[in-house]
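Single-letter residue listing:
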Amino acid sequence: NAGVTQTPKFQVLKTGQSMTLQCAQDMNHNSMYWYRQDPGMGLRLIYYSASEGTTDKGEVPNGYNVSRLNKREFSLRLESAAPSQTSVYFCASSDPDRVGFYSNQPQHFGDGTRLSIL
Amino acid sequence: AQSVTQLGSHVSVSEGALVLLRCNYSSSVPPYLFWYVQYPNQGLQLLLKYTTGATLVKGINGFEAEFKKSETSFHLTKPSAHMSDAAEYFCAVRSNTPLVFGKGTRLSVIA
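Here the structure is a predicted model, which means the values were calculated and not measured.

*Asks:* How do you make sense of the packing of aromatic side chains when you look at a structure like this?
*Replies:* Residue and element names in this part refer to chain B. In the structure shown here, the tally under the stated rule is 12 aromatic pairs over all chains. Between Y50 and F67, the ring centres sit 4.3 Å apart and the planes meet at 20°, which makes this aromatic pair stacked. Note that Y50 is positioned in strand β5 (residues 44-50) and F67 in strand β7 (residues 64-68), a separation of 17 residues in sequence. Of the two residues, Y50 and F67, both sit in the buried class.

Structure (structure tokens):
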């Protein structure tokens, strides 16, 4: 079972370059998420998509855009990469909230994309 | 708003010793609580979760955690550490906003 698949696994960019990180899940989950992980900072939410056709900002959205391409795929784009965006990026998916109830289902994570910006 | 505080960014224990990783949370509504583990160069895996009901929750690999509402805590324990437990552990809280993670605790196990 693939679960959540992220591509690429590693990438080096120069400042100002653009790039799209890809994420796909095969668990039929409605909700998908993008996080960044930095040493001593834990995971911080960049953007999320509660369901196909919707996206919302998380804690640290500046410098990023997202696209929920379909139910399986959720991409993260850096339009003009900056050294401060050097990080490990994780995609996750989960079952959605229901109206009036927040979900108690865990998120399932990919193995991450390690991005360095010079 | 909800938040998570993990006490100790790095914990070292001897093999066979008790593991105790501390997590305190704040939430304005009843929360769901999670512990995740991250091995080097991998994503996060769910260890255990508390939703409702029994406050002592058992997870994978012999770990368990106790939800204490009066102390707003959800500490993770394992009676006897194994070398394979060396990893980073994250506590997370979910209520009426998306999941919020603590900063993580790196567990080292000394032979």
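Let's pick the thread back up.
*Asks:* Got a minute to help me understand the sheet that holds strand β1 (residues 4-7) of chain A in this structure?
*Replies:* Two modes of strand pairing occur in sheets, parallel and antiparallel, and in both the strands are linked by backbone hydrogen bonds. All names here are of chain A. Here four strands make up an open sheet; going across it, the order is β1-β3-β8-β7 and the pairing antiparallel. Two strands in the sheet have a free side with no partner beyond their single neighbour: β1 and β7 (64-68). Averaged over neighbouring strand pairs, the angle between their axes works out to 20° when direction is ignored.

*Asks:* Help me out: how do you make sense of the nonpolar core in this one?
*Replies:* If you look at soluble globular proteins, the nonpolar side chains tend to sit buried side by side. Residues B:W35, B:L47, B:L48, B:F74, B:L76 and B:Y89 are the most contacted members of the largest nonpolar core, which totals 27 residues. Those elements that provide at least two residues to this core are β2 (10-14), β3 (19-26), β4 (32-38), β5, β7, β8 (73-78), β9 (87-94) and β11 (105-110) of chain B. If you look at the next biggest cluster of nonpolar residues, it comprises 19 residues, including A:M19, A:W34, A:Y64 and A:L76.

*Asks:* Please clarify how the sheet that holds β3(B) should be interpreted in this entry.
*Replies:* Residue and element names in this part refer to chain B. Strand order in the open sheet formed by five strands is β1-β3-β8-β7-β6, with antiparallel pairing between adjacent strands. The open sheet terminates on both sides in strands that have one partner only, identified here as β1 (3-7) and β6 (56-58). Each strand of the sheet is rotated relative to its neighbour by a mean of 20°, with strand direction disregarded. Pairing of β7 with β8, which is carried by five bridges, proceeds in the antiparallel orientation. When the sheet's bridge partners are listed, A65 is paired in β8 with L76.

Rules used in this analysis
- Residues numbered from 1 in each chain as written.
- Chains lettered and ligands numbered in written order.
- Predicted model: local features only at pLDDT ≥ 70, side-chain atom pairs only at ≥ 80, totals over all residues.
- Heavy atoms only, no water.
- Phe/Tyr/Trp six-rings, centres within 6.5 Å; stacked < 30°, edge-to-face > 60°.
- Helix = DSSP H or I, 4+ residues; strand = E, 2+ residues; numbered from the N terminus.
- Buried < 20%, exposed > 50% of the residue type's maximum accessible area, 1.4 Å probe, protein only.
- Pairing = 2+ DSSP bridges.
- Axes fitted to C-alpha atoms, helices over the stretch in contact; angles between N-to-C directions.
- Core = buried A, V, L, I, M, F, W, Y, C linked by side-chain atoms within 4.5 Å.

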